[in-house]
Amino acid sequence: MAQIYRHNEPLLLESGEVIQGLEIAYDTFGTLNEAKDNVIWVCHALTANSDVADWWPHTVERGKFLDPERYFIVCANFLGSHYGTTSPLSVNPATGRKWYYDFPRITVRDMVHCHQILARALGIERVKLLIGSSIGGFQCMEWAIMEPKFMENLALIATTTCSEPWAAAFNESQRMAIRLDKTWGERRDDAGIDGMAVARSIALISYRGGAAYNATQQESEPLNEVSFTRRAHSYQQYQGEKLRRRFNAMSYYRLSEAVDSHNIARGRGSIAEALAKIEARALVVAISSDILFPPEAHTPLREHIANVEYHLIESEFGHDGFLVEHEKLNTIIDNFINR
């Protein structure tokens with residue numbers, strides 16, 4: 001069960017807007033040792049939550065890289081998400097009503113600012129490992145640049161230094177689907193939710209790619225007669241409906257905008273200059289079939305972080321390989337931490 005930290009100071013966003021009454025949901029696993037040097041901080045991906053064991057299979061287990069018998073694991077639900085941290089469905093203290101569409105645009109740096117607030121509240125001054133995949137990797141990168149001495153080790157998985165036009169095009173297509181929902185614009189919790197189901201279907205194509213679909217969504221029996229119904233159709237519908245039942249369209253919309261805003265070079269000169277600020281020993285892991293953040297997108301990380309180790313995981317599961325290939329990932333990360 002997530003705990004809630006309530007922050008008494010206003011949160012100033014990069015946009016200049018202010019959020020009052022900030023709440024941050026977070027989960028912990030394991031025990032903080034006396035030296036406080038066994039902390040692993042996990043930054044989660046787009047529609048995940050602070051309960052790492054819920055969405056990252058076979059990682060928060062004995063003998064795995066998030067072993068709660070060895071480490072004190074912290075994961076905070078990031079700003080704008082639907083799982084306990086202040087978001088569009090939270091009440092705005094200034095109006096006494098839910099934020100809904102008035103919830104301000106946020107950036108990855110705003111998310112990291114919230115993580116820093118929580119870390120200070122928990123008395124955590126340094127972590128053994130800061131780890132994240134996808135937008136979780138965005139957060140880790142930003143944190144390592146903003147506060148280089150906070151982490152001893154850094155793991156960046158299936159991620160990139162800036163959102164390229166290819167990824168932004170997927171995100172805008174998803175937002176177009178949400179805006180076409182006839183309920184979008186209404187001030188109600190479920191507004192735009194059917195559009196979000198379509199948006200998720202679009203997103204899944206970028207997460208998996210052709211090889212994964214062709215490997216997992218073939219028909220169970222040969223098509224001997226004309227059929228206009230395919231297994232892939234039901235899979236897309238199922239994935240859209242699954243998110244529809246558990247998430248919120250206004251959060252999804254704002255988070256996709258935050259993804260598009262990601263650029264570690266913003267205000268820092270160049271990507272190379274930004275990455276040069278990272279002092280942690282770094283691990284970079286790419287997925288061979290990832291079409292969203294392909295292996296070549298990790299090249300700047302390999303070239304411009306001073307102390308870096310790189311691995312390529314061979315997988316047909318695309319961007320979602322970081323979730324599916326947990327055994328390969330566990331071996332790489334465990335060896336990295338203990339080397």
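As the structure is a prediction and not an experimental result, all values here were calculated from the model.

Caption draft 1: Expanded view of the pattern of salt bridges. Counted under the stated rule, the structure contains 24 salt bridges. For E257, the salt bridge goes to R105, with nearest N and O atoms at 3.2 Å. On the criterion of sequence distance, the pair formed by E257 in helix α7 (residues 249-261) and R105 in the loop between β8 (97-98) and α2 (108-121) is long-range, its members being 152 residues apart. Given a relative accessible area of 56%, R105 falls into the exposed group. Here K149 ties to E279 by a salt bridge, and the two come within 2.9 Å at their closest N and O atoms. Here E279 lies in the loop between α8 (271-275) and β11 (281-287) and K149 lies in the loop between α3 (135-146) and β10 (151-157), a separation of 130 residues in the sequence. With relative accessibility at 58%, the residue K149 sits in the exposed group.

Caption draft 2: Spotlight on helix α11 (residues 326-338). With 13 residues, α11 extends 18 Å between its outermost C-alpha atoms, agreeing within 8% with the 18 Å of an ideal straight helix rising 1.5 Å per residue. For α11, every residue scored as buried is listed here: H326, L329, N330, I332, I333, D334, F336 and I337. Those residues of α11 that are buried are in contact with β5 (39-43), β9 (127-133), β10, β11, β12 (308-313) and α10 (321-324).

Caption draft 3: Highlighting the sheet that holds β9. As summarised here, the arrangement of the eight strands in space is β1-β4-β6-β5-β9-β10-β11-β12, forming an open sheet in which the pairing is mixed. Across the chains shown, the open sheet's two edge strands, defined by having one partner strand only, are β1 (3-6) and β12. When strand polarity is set aside, the average angle formed by the axes of neighbouring strands in this sheet is 20°. As defined by bridge partners, β1 adjoins strand β4 (residues 23-29) across four bridges and the pair is classed as antiparallel. Note that in β4 the partner of I4 across the bridge is A25. Running over the sheet, α3 touches β5, β9 and β10 and is turned about 140° from β9.

Caption draft 4: Region of interest: the environment of V74. In this structure, V74 sits in strand β6 (residues 72-76). A relative accessible area of 0% means that V74 is categorised as buried. C-alpha of V74 to C-alpha of D51: the two residues are 23 residues apart in sequence and 9.1 Å apart in space. If we ignore the near neighbours within four places in the chain, the residues touching V74 are D27, T28, V39, I40, W41, V42, L122 and I124.

Reading the values: rules and limits
- Residues numbered from 1 in each chain as written.
- Predicted model: local features only at pLDDT ≥ 70, side-chain atom pairs only at ≥ 80, totals over all residues.
- Heavy atoms only, no water.
- Salt bridge = Lys/Arg side-chain N within 4 Å of Asp/Glu carboxyl O.
- Helix = DSSP H or I, 4+ residues; strand = E, 2+ residues; numbered from the N terminus.
- Buried < 20%, exposed > 50% of the residue type's maximum accessible area, 1.4 Å probe, protein only.
- Expected span 1.5 Å × (residues − 1).
- Contact = heavy atoms within 4.5 Å.
- Pairing = 2+ DSSP bridges.
- Axes fitted to C-alpha atoms, helices over the stretch in contact; angles between N-to-C directions.

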